Amino acid sequence: MDAQGRGGAGDIDPADQWVLNPETGNYELRLPGDSTDGPAGPRTGARSPAPDGTTTPRRTPPHQRRAPSSPRENTSRGTGGGTGAGERTAGRAAERTGERTGERTVPAQRGSRRAAASGTAATAAASGGSRADRRKAQAKKKSKGKKALMWIGGGLALLLVVGCATALYAYNRLNNNIDKVDVVGRDNPFQKGEPVNVLFIGTDKRTGAGNEDYGNSGDEGRADTVILLHFSKDRTHATGLSIPRDLITDIPECEVKQDGQTVTIPGTAQTRFNYSLGVDGRDPGCVWRTVEEITGVEINHFMMADFNAVKDLSTAVGGVEVCLAKDISDDKSHFHMEAGTHRLQGEDALAFVRTRYGVGQSSDLSRIKLQQQFLGSLAREMVGTLSEPTKLWGLADTATKALTVDTGIGTIQKLNDIAQELGKVPVKDISFVTLPVVDNPDEPEDAKATVVLDDAKAQPLFRMLQEDLSLTDSGDDKKDEDQDEEKVEPAPAGEVRVDVYNGGQVIGAAQDTVNWLQNTHGVLLSTNASNADAQETTTLEYGPDQAGQAATLADLMGLPKKALKEGSADAGDTPMVLTLGDDFRGVGIPIEVKAEKPADVDTITADDESICAS
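Numbering of residues begins from 1 in every chain and follows the order in which that chain's sequence is written. In keeping with the predicted nature of the model, local features appear solely for residues at pLDDT of at least 70, side-chain atom pairs appear and are counted solely at 80 or more, and the whole-chain, interface and lining totals rest on all residues. Hydrogen atoms and water are omitted, and side-chain values are computed over all heavy atoms in the structure.

### Considerations on helix α8 (residues 347-354)
Within α8, six of the eight residues are buried, leaving the element largely enclosed by the surrounding structure. Burial here depends on accessible area, computed with a 1.4 Å probe over protein chains only, as a share of the maximum for the residue type. Under 20% is buried, over 50% is exposed, and the range in between is partly exposed. Only runs of H or I of at least four residues qualify as helices and only runs of E of at least two qualify as strands under DSSP, and these elements are numbered from the N terminus. Those residues of α8 that sit buried are A349, L350, A351, F352, V353 and R354.

### Some details on the state of the cysteines
Criterion for a disulfide: a pair of cysteine sulfur atoms within 2.5 Å. Taken as a whole, this structure holds two disulfides when the rule is applied. A sulfur-sulfur separation of 1.9 Å characterises the disulfide bridge that pairs C254 with C286. Negative torsions about the S-S bond denote left-handed disulfides, and the value of about 75° found for C254 with C286 makes this one right-handed. Of this pair, C254 sits in strand β8 (residues 254-258) while C286 sits in helix α6 (residues 284-295); the two residues are 32 residues apart in sequence, bridging distant segments of the chain.

### A look at the packing of helix α7 (residues 307-316) against α8
The description of two helices packed together rests on the angle between their axes and the distance between the axes. Inter-axis angles, ranging from 0 to 180 degrees, are taken between N-to-C directions of lines fitted to C-alpha atoms, where helices are fitted over the stretch in contact. At their nearest, the axes of α7 and α8 sit 8 Å apart, and the two run at 130° to each other. What the angle tells us is that α7 and α8 run oblique. Note that α7 runs across α8; the crossing there is right-handed. For the pair formed by α7 and α8, the contact residues are F307, V310, K311 and S314 on the first element and E347, A349, L350, V353 and R354 on the second. Classes in brief: Ala, Val, Leu, Ile, Met, Phe, Trp, Tyr, Cys and Pro nonpolar; Asp, Glu, Lys and Arg charged; the others, Gly included, polar. Of the residues assigned to the contact of α7 with α8, the class counts are five nonpolar, one polar and three charged. Any angle that falls under 35 degrees is termed roughly parallel, while one over 145 is termed roughly antiparallel, one within 65 to 115 roughly perpendicular, and all others oblique. Put simply, a crossing is left-handed when the front helix is turned counterclockwise from the back one by less than a right angle, and right-handed when it is turned clockwise. The criterion used for residue contact is that any of the two residues' heavy atoms lie within 4.5 Å.

### Side note on the pattern of salt bridges
For this document, the term salt bridge refers to a Lys or Arg side-chain nitrogen within 4 Å of an Asp or Glu carboxyl oxygen. Considering all chains together, one arrives at 13 salt bridges under this definition. For E292, the salt bridge goes to R186, with nearest N and O atoms at 3.0 Å. Residue E292 is located in helix α6, and its partner R186 is located in the loop between β3 (179-181) and β4 (196-203); the two are separated by 106 residues in the primary sequence. Exposure remark for R186: the relative accessible area of 31% places this residue in the partly exposed category. Between K457 and D454 there is a salt bridge whose closest N-O contact spans 4.0 Å. By relative accessible area, K457 is classed as partly exposed at 27%. Residues participating in the shared-partner salt-bridge network are D224, R245, D246 and R272.

### Re the sheet that holds strand β23 (residues 564-566)
The criterion for strand pairing is that DSSP finds at least two bridges linking the strands in question. On the basis of which strands lie adjacent, the open sheet formed by five strands has the order β21-β20-β24-β22-β23 and mixed pairing. For this open sheet the edge positions go to β21 (525-531) and β23, each flanked by a neighbour on one side alone. When the angles between neighbouring strand axes are averaged without regard to direction, this sheet yields 20°. With respect to the sheet, helix α14 (residues 509-521) is in contact with β20 (497-502), β21 and β24 (576-580), its orientation differing from that of β21 by roughly 175°. In the packing of helix α15 (residues 547-557) onto the sheet, contacts are made with β20, β22 (539-542), β23 and β24, and the angle to β24 comes to roughly 25°.

Here's what the structure looks like:
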């Protein structure tokens, strides 16, 4: 650090200009060109004698921060490198001198680069340590500081980020490890102080040593495991939504880069979700668009890994602990293990996350639960590994080799930036949930192989993600609010009298709604009143004496409070007026979905060590 301010000059550190005079026990200012030939000589910068012959006490210099010896050295106050034993000794001596003279003490100085040989030797002897010793002490303390690393949760995707974030010292090598994909038409980088949504894609691509035994060695790889990771705006919670690969859904058209050219891949209606990657040239951007279409959640970034990532990362952390409630024997995944707790790595770890036969209902949904258990355990192992600096390099190197990301986070620095943000989420507030689905009704009962969205249960979860709500909250506050509201006794469905108008964009909505109300819910006094003037939102008009009928219909239709328009006069036998707006999406679909976790949807948290596969 160049000397700056009063008393600084040239390349001299201001702290080096204050020298301890062993004869007086005081610190004295020595400027360049000072001709004094010993510590007892006149002190440049000392106060002039007062008229009475006494010397006015000199103010000691301000505390000087130690200049960093390299760009990497910690320069923050109170957290910098360690202090040498000699500096502590000199500091205590100065403190005692200050107590005797009434002067303020001066922090221990560094050995002056321009000190005379005799002065330097004397200082070193008094301090009991060399500058090299002090540097070693600083390095030791600095390495301890690097152990204070944050938790990066939400599954394998962010575990990979941790490895990157802790290894900036190998910037170039790790940067070159990362594969990147330019997602056409998506430029939505994460922002500090805003919710962040990261799509993790685990492919079944079988390249790499040992993976040929799993078959389809030439396959490009499909979306085998997909988790949408949502991190809250205030970083107090995160949610991982697992999407079954066998979900039947619409895959929208998407643009991809092929040989430097932008190519449009046509969409496919009602097909398996895992075909959103690797089929017809689809890249991770196509999975990105498909998940956005399903959930209504805007994604910021994606991270993708293959079979090798599971094997290599589980090995890098020394194994991942899993629990089996019963023996499992699955020839297809090559997983054979007795009941109990086991520490798995490499091929065994991969076999565990791939097994589906002999677990649960031998379906992809059962395998998802195994994967969630594995990811939570891997996360806990990662936290322990990050406290061991000797393992950091191998972990970071392994993680970046296994990682493919979008260009928005395609460097170590950008991965570090996102890791710093997402690492603030507490482990106990990271939850995993599987997208609610039901068996595909178009398949025969004895040959069920795919699933379809359970809209009634899935939509509330989507709303929770969209509104940045946590699955780990108890919900007590909401219950208290509901208890404070005045409850209206719902009327029986057979007493509900309503005229239905269509003011929305769905053709035939009024008649469809009447049919649904009468045939499904027994609202026989409902009538199609034809079309109405266009309106954006659905409304229900009623009199005070129809409050019970309105409560019943609001519950059936999923009407929000703002849709209820109570008049001032009783209506008698006049029917209520339900006008469907542009927010009407179809019969049986709530107008407004409540942002709350359905009671029968199970979740697990990343800190839960009691989960056991059955």
